[in-house]
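# Structural overview for review
Residue strings, one per chain:
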Amino acid sequence: MDATYDAWAGPTVGELGEFVVLDRITRRLPTGSPIVGPGDDCAVVAAPDGRFVVTTDMMVHGPDFRWAWSSPEDVGWKAAATNLSDVAAMGAVPSGLVIALAAPQDTPVAVLEGIADGFRLALDALSPGCGVVGGDLSTSATFTVAVTAFGDLEGRSPVLRSGARPGDVVAVSGELGRAARGLARLFHDGVDAQGEPDRAATGASGADRDPDVGRQRRPVPPIADGPRAAAAGATAMLDLSDGLAIDAGRLARASGVTLDLSDAADLDDVALHGGEDHGLLATFPADAVLPGGFRRIGVVREHGDADLLRGGSPVPTTGWDPYADWDGAAG
């Protein structure tokens, strides 16, 4: 058995086969309330007003997570949270997930069961009523989790990135910078002498008990604030997956405006450029009452020489880029 899986015992997926493994996984997952759930070639999910939103996201061992730093429950939680947040960013309520797992043959089934538990815990905590309505299981040399999520707009128009207008308020909901601080702690204290991710070093250094590391492993996006923002008249919105600055730049370019973060003087470089918190960035009409956990951080201006400003100076629209930031070390 690969040393990667030393922390988990029991039969492997190769020993039990697809049918048994799928049964052991699906029994642990909430199904929500689909018209037709797992067991057929397709699920059938209600679209009450004739529309639904759909998104997909992958987590690959190496660039997106390391077994040395994350438990299977962590991986399942994070895979759920990242997709739920994208649905919320459109102003929709998550209504169902489809999960595809590709695992090496020597993966203990306990790892897949733990991932299923992570999905269940995340759905219960972040989006009660949303369930897993289907999926697929395959084999691969690199462990991969791919999730497709669906959402119900409940009769509202979707909130796009392209709707911000000069004079709108810029606001955020959720945490900024904690996941990036946690990742920095892991790269500093959770590695061996060669700089490779190491489970023993992570525990011995105390990084396992760092609340920011906990947020890196299990982000807590404000899912309910997405539909609240739509109901409050949000003109534009997106999920802060790669960092406030880079994602704000995306919204600014899509809307053809400049975002002036004049009320964000307290945000440090980590909060501006660190990713994986999965908060929400939105713009609202100037007279709107900000809903839920949204707080003002600036104002929308006519497009000028920069997409993003703070204190009158341009802010680099940089953040997490998997092609630029991953060095290929699998850990």
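A brief report on the enclosed structure follows. Here the structure is a predicted model, which means the values were calculated and not measured.

## Section: the sheet that holds strand β1 (residues 53-60)
Whenever strands of a sheet pair, they do so through backbone hydrogen bonds, lying parallel or antiparallel. As summarised here, the arrangement of the 4 strands in space is β1-β4-β2-β3, forming an open sheet in which the pairing is mixed. Strands with a single pairing partner mark the edges of an open sheet, and in this sheet they are β1 and β3 (132-139). Each adjacent strand pair in this sheet contributes to an overall mean axis angle of 15°, direction not counted. Relative to β3, strand β2 (residues 93-103) runs parallel, the two sharing 7 bridges. For Ile-99, the partnering residue across the bridge sits in β3 and is Gly-135. Together, β2, β3 and β4 (144-152) form the strand contacts of helix α4 (residues 109-126), whose direction differs from that of β2 by roughly 170°.

## What to know about the nonpolar core
The nonpolar side chains of a soluble globular protein tend to be buried with one another. With 41 residues, the main nonpolar core has Trp-67, Leu-97, Leu-112, Phe-119, Phe-143 and Val-145 as its most contacted residues. Contributing elements (two or more residues each) for this core: α2 (18-26), β1, α3 (72-89), β2, α4, β3 and β4. If one sorts the elements of this core by residue count, α4 sits on top with 9 residues. By size, the runner-up hydrophobic cluster in this structure holds 24 residues, among which are Leu-244, Ala-248, Val-300 and Leu-308.

## Considerations on the sheet that holds strand β11 (residues 313-314)
Pairing is mixed in the open sheet, where 7 strands are placed in the order β6-β8-β5-β9-β7-β10-β11. Only two strands of the sheet have a single neighbouring strand rather than two, namely β6 (236-240) and β11. Direction of pairing for strand β5 (residues 169-173) relative to strand β8 (residues 279-284): antiparallel, over a ladder of 5 bridges. The partner of Ser-173 across the bridge, within β8, is Leu-280.

## Let's talk about the packing of aromatic side chains
Using the criterion set out here, one finds 6 aromatic pairs in the structure. Arranged with centres 5.0 Å apart and planes meeting at 75°, the rings of Phe-65 and Trp-67 form a pair that is edge-to-face. The same class applies to Phe-65 and to Trp-67, which are both buried. One aromatic cluster is present, formed by Phe-65, Trp-67 and Phe-143 through successive ring pairs.

How each quantity is defined
Residues numbered from 1 in each chain as written. Predicted model: local features only at pLDDT ≥ 70, side-chain atom pairs only at ≥ 80, totals over all residues. Heavy atoms only, no water. Pairing = 2+ DSSP bridges. Helix = DSSP H or I, 4+ residues; strand = E, 2+ residues; numbered from the N terminus. Axes fitted to C-alpha atoms, helices over the stretch in contact; angles between N-to-C directions. Contact = heavy atoms within 4.5 Å. Core = buried A, V, L, I, M, F, W, Y, C linked by side-chain atoms within 4.5 Å. Buried < 20%, exposed > 50% of the residue type's maximum accessible area, 1.4 Å probe, protein only. Phe/Tyr/Trp six-rings, centres within 6.5 Å; stacked < 30°, edge-to-face > 60°.

Keep in mind that these numbers describe shape and distance, not what the molecule does.
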